[in-house]
Amino acid sequence: MTVSAPNAETPRGFALEVVKRLREAGFEALWAGGCVRDDLLGIVPKDYDVATTATPEQVIGLFGKRKTIPVGVSFGVVIVLGPTRDSGQVEVATFRADGEYHDGRRPVDVQFCSAKEDAKRRDFTINGMFYDPLTEQVIDYVGGQADLAAKLLRAIGDAHARFTEDKLRILRAIRFASTYEFQLDASTETAVKLSLIHISEPT
């Protein structure tokens, strides 16, 4: 993965500019999730997400209220708007660890944390990597690069727990495996099957 001179009128250039501004303000900031996965696969990312130590209030203060949308402040998420339509927008999220899930979709609360802890709460290893576009380094706490190379889809941590927390992850597992022609690892496949059986059972 290489990064050319920033052009804020492209999604990639704007995502780089967001990281630069956060870092210049003294915060840790990295590209995160799907954009890292796709870039490593040689696919042009559809959008870019940034994970940072900055809180939502600090992100809004840095980029300004007119250029930000507080879509999920309670979960640490702010949208930063690019200078032009072609720039797109970047979702900036504070590194976080999720609390308990009670509805099978969203955590009751979150706690801000480190990048390493943030990676552990994500769904699959291929989505749990970070990338530093300034030093051009992949930061991988969950073995995502090895799984990409092996074409393996593996849940981070306890697969059953990941699917119990958020039931949409079951559909995401099936979609990712199909889209990228990846094999589900044994524990993830078992958890998918058990989750589907549980969902189909009458209540």
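No experiment lies behind these values; they were computed from the predicted model shown.

**Topic: the overall build of the protein chain**
Per the secondary structure count, the protein chain includes eight helices and 11 strands. Per-residue burial over the protein chain gives 44% buried out of 203 residues. If you take every contact in the protein chain between residues at least 6 apart in sequence, the share linking residues at least 24 apart comes to 55%. As presented, the protein chain carries roughly 10,700 Å² of accessible surface, and 51% of it is formed by carbon and sulfur atoms.

**A look at helix 3 (residues 56-63)**
Considered for burial, the residues of helix 3 that qualify are P56, V59, I60 and F63. Buried residues along helix 3 cover an arc of 95° about the axis, so they all sit on one side. The exposed residues of helix 3 that point more than 90 degrees off its buried face are E57 and G61. Buried residues along helix 3 sit in contact with helix 1 (11-24), strand 2 (48-52), strand 3 (68-72), strand 4 (77-81), strand 5 (89-94) and strand 7 (110-112). Of the residues one or two after helix 3, G64 is the one with positive phi, at around 95°.

**Considerations on unusual backbone geometry**
Although it is not a glycine, K151 adopts a positive phi angle of roughly 55°. Looking at where K151 falls in the secondary structure, it is placed in the loop between helix 5 (144-150) and strand 10 (152-153). Residue K151 is classed as partly exposed on the basis of its relative accessible area of 48%. Within the chain, E181 stands out as a residue other than glycine whose phi angle is a positive 55°.

**Quick notes on the pattern of salt bridges**
A complete count under the given rule lists 11 salt bridges for this structure. Between R12 and D39 there is a salt bridge, with its nearest N and O atoms 2.9 Å apart. Of the two residues, R12 is situated in helix 1 and D39 in helix 2 (residues 34-40); the sequence distance between them amounts to 27 residues. E117 is paired through a salt bridge with K120; the nearest N and O atoms lie 3.4 Å apart. Taken as a pair, E117 and K120 lie in helix 4 (residues 115-120) at a separation of three residues, close to a single helical turn. Judged by relative accessible area, E117 falls into the partly exposed class, the value being 36%.

**Looking at the nonpolar core**
Within the largest apolar cluster, 39 residues are counted, with the highest numbers of intra-cluster contacts made by V18, L22, W31, V50 and L153. Per-element accounting of this core gives the leading share, six residues, to helix 1.

**Focus: the sheet that holds strand 8 (residues 130-132)**
Taken in spatial order, the seven strands line up as 3-4-5-2-1-8-9 in an open sheet, and their pairing is mixed. Sheet topology places strand 3 and strand 9 (137-139) at the edges, where each strand pairs with a single neighbour. In this sheet, adjacent strand axes meet at a mean angle of 35° when their direction is disregarded. Sheet topology places strand 4 next to strand 5; five bridges connect them, and they run antiparallel. Residue pairing across strands places I79 opposite E91, the latter belonging to strand 5. Those strands touched by helix 1 are strand 1 (29-32), strand 2, strand 4, strand 5 and strand 8, and its axis lies near 150° from that of strand 1. Helix-sheet contacts for helix 3 involve strand 2, strand 3, strand 4 and strand 5, and the interaxial angle to strand 4 is about 15°.

Calculation criteria
- Residues numbered from 1 in each chain as written.
- Predicted model: local features only at pLDDT ≥ 70, side-chain atom pairs only at ≥ 80, totals over all residues.
- Heavy atoms only, no water.
- Helix = DSSP H or I, 4+ residues; strand = E, 2+ residues; numbered from the N terminus.
- Buried < 20%, exposed > 50% of the residue type's maximum accessible area, 1.4 Å probe, protein only.
- Contact = heavy atoms within 4.5 Å.
- Areas by Shrake-Rupley, 256 points an atom, 1.4 Å probe, with all protein chains shown as cover.
- Arc of directions from axis to C-beta.
- Salt bridge = Lys/Arg side-chain N within 4 Å of Asp/Glu carboxyl O.
- Core = buried A, V, L, I, M, F, W, Y, C linked by side-chain atoms within 4.5 Å.
- Pairing = 2+ DSSP bridges.
- Axes fitted to C-alpha atoms, helices over the stretch in contact; angles between N-to-C directions.

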